[in-house]
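Architecture at a glance
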Amino acid sequence: MASNIPMSPQLEQIHGEIRDHFRALANGFQRLDKIKDSTRQSKQLEELTEKMRDCKRLVKDFDRELKDEEASNPPQVNKQLNDEKQSMIKELNSYVALRKTYMSTLGNKKIELFDMGAGPSAEPTPDENVQVASAMSNQELVDAGMKRMDETDQAIQRSKQVVEQTLEVGTQTAANLKGQTDQMGRVVNHLDTIQFSLKKASQLVKEIGRQVATDKCIMMFLFLIVCGVIAIIVVKIVNPNNKDIRDIPGLAPPAQSRKLLYLRNPEYMGR
């Protein structure tokens, strides 16, 4: 479909790079199915994630360039280009969803249950507790029970405080992470905008350079014409009888010196 859509050279270049990234992503996920080692799978997923970031940046460049050229394109062409952009976004989202699936599967594979070996217990055995209780009076038993209950209440209270502090730290950490994530997103968008502006500025500088070169050629040509005209005028003034150079329109030839002719009349001379 995209091959039949008329595109500018910039759009066509960006579109080609996006298609190359999509082919690389498809091949990468196919290779991922054949990898059995979890470490190699993680490394492959990181490479594919980097490809997706580059593809997202290229899609943004395609959208900006499309908006810049929207006024000069026919409505039908703009509709086709927008449809192609939506198609590329859907394809990119499908790869993102596929990456999430692989990440979830890889995470489940890495879950392991560790059984911690129990060392010698410091708690007394049931037989020892019976022997100690039989040697105590009723009041001593009550006091020991109350003491154990107080210790248990204090342990529960400490546990509650630890849980509350953990919740507060978790809430604060989540808020900080959300703020940092938003800030990183704004930084990435700002960097994409700067990169796109640099591309446009580079193109504008090249166009200005070509215009300046053309203006210099025109000025040089006009200078040569003026020098030729001045040379012709100087030659005409210095050597007005030179027939090899035609008279310049608007420039009158130099006035010839007048000679007075006297008729010699004998009668006049006799006087």
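Fair warning: this is a prediction, and the values are worked out from it, not measured in the lab.

Along the chain, the regular secondary structure elements total 6 helices and 0 strands. When burial is assessed residue by residue, the chain has 17% of its 271 residues classed as buried. Counted over contacts in the chain with a minimum sequence separation of 6, partners at least 24 positions apart contribute 72%. Counting every atom, the chain has about 22100 Å² of accessible surface; 58% of that belongs to carbon and sulfur.

On average, residues of the chain score 77 in pLDDT, and 75% of them are at 70 or above. Of the regions scoring below 50 in pLDDT, residues 259–263 engages in 0 contacts with residues more than four places distant in sequence or in other chains.

If you look at the biggest cluster of nonpolar residues, it comprises 23 residues, and the most contacted ones within it are Ile18, Phe22, Phe29, Phe62 and Leu81. Listing elements by their share of this core, those giving two or more residues are helix H1 (9–34), helix H2 (38–68) and helix H3 (75–109). For this core, the element with the most residues is H2, which contributes 8 residues. What Phe62 contacts, discounting residues up to four positions off in sequence, is Leu11, Ile14, His15, Ile18, Leu81, Lys85 and Met88.

Considering only enclosed or pocket space, the largest pocket measures out at about 530 Å³ in volume. In terms of lining residues, the largest pocket is bounded by 18 residues, among which Met52, Arg53, Asp54, Lys56 and Val188 are the most central. Elements that contribute at least two residues to the lining of the largest pocket include exactly H2, H3 and helix H5 (138–238). Here the lining of the largest pocket gets 9 residues from one element, more than from any other, and that element is H2.

For His21, the position within the fold is in helix H1. Those residues within four positions of His21 in sequence are excluded, and the remaining contacts are Lys51, Asp54, Cys55 and Leu58.

Take a nonpolar patch on the surface next. On the surface, Ile218, Met219, Phe221, Leu222, Ile225 and Val229 cluster together into a nonpolar patch covering about 580 Å² of accessible area. With respect to the helices and strands, Phe221 occurs in helix H5. A relative accessible area of 55% means that Phe221 is categorised as exposed.

With 26 residues, H1 ought to run about 38 Å at 1.5 Å a step, and its terminal C-alpha atoms sit 38 Å apart, in line with that. Buried within H1 we find Leu11, Ile14, His15, Ile18, His21, Phe22, Leu25, Gly28, Phe29 and Leu32.

The next subject is the pattern of salt bridges. Applying the stated criterion across every chain, the model contains 13 salt bridges. Note that Lys85 and Asp63 form a salt bridge whose closest N and O atoms lie 2.9 Å from each other. Taken together, the positions of Lys85 in helix H3 and Asp63 in helix H2 put the pair 22 residues apart, joining distant regions of the chain. In this pair, the class of Lys85 matches that of Asp63, namely buried. Note that Asp83 is salt-bridged to Lys79, the shortest N-O span being 3.3 Å. Here Lys79 and Asp83 lie together in helix H3, a separation of 4 residues that amounts to about one turn. The class for Asp83 is partly exposed, based on a relative accessible area of 35%. Three or more residues joined by partner-sharing salt bridges are found here, namely Arg57, Asp61, Arg64 and Lys199.

Attention now moves to the packing of H1 against H2. Packed helices, taken two at a time, are described by the angle their axes make and the gap between the axes. At a closest axis distance of 9 Å, the pairing of H1 and H2 adopts a crossing angle of 160°. The angle between H1 and H2 falls in the class roughly antiparallel. Between H1 and H2 lies a crossing whose hand is left-handed. Here the residues of the contact of H1 with H2 are counted per class, giving 16 nonpolar, 6 polar and 6 charged.

Conventions we followed
- Residues numbered from 1 in each chain as written.
- Predicted model: local features only at pLDDT ≥ 70, side-chain atom pairs only at ≥ 80, totals over all residues.
- Heavy atoms only, no water.
- Helix = DSSP H or I, 4+ residues; strand = E, 2+ residues; numbered from the N terminus.
- Buried < 20%, exposed > 50% of the residue type's maximum accessible area, 1.4 Å probe, protein only.
- Contact = heavy atoms within 4.5 Å.
- Areas by Shrake-Rupley, 256 points an atom, 1.4 Å probe, with all protein chains shown as cover.
- pLDDT = per-residue confidence, 0-100.
- Core = buried A, V, L, I, M, F, W, Y, C linked by side-chain atoms within 4.5 Å.
- 1 Å grid on protein atoms, 1.4 Å probe; cavity = no way out; pocket = protein on both sides within 12 Å on 5 of 7 lines; lining within 4 Å.
- Points joined across faces, edges and corners; volume = space filled by probe spheres on them.
- Patch = residues over 30% accessible without salt bridge, like charges linked within 9 Å, V, L, I, M, F, W, Y side chains within 5 Å.
- Salt bridge = Lys/Arg side-chain N within 4 Å of Asp/Glu carboxyl O.
- Expected span 1.5 Å × (residues − 1).
- Axes fitted to C-alpha atoms, helices over the stretch in contact; angles between N-to-C directions.
- Parallel < 35°, antiparallel > 145°, perpendicular 65-115°, else oblique.
- Left-handed = near helix turned anticlockwise from the far one by under 90°.
- Nonpolar A, V, L, I, M, F, W, Y, C, P; charged D, E, K, R; others polar.

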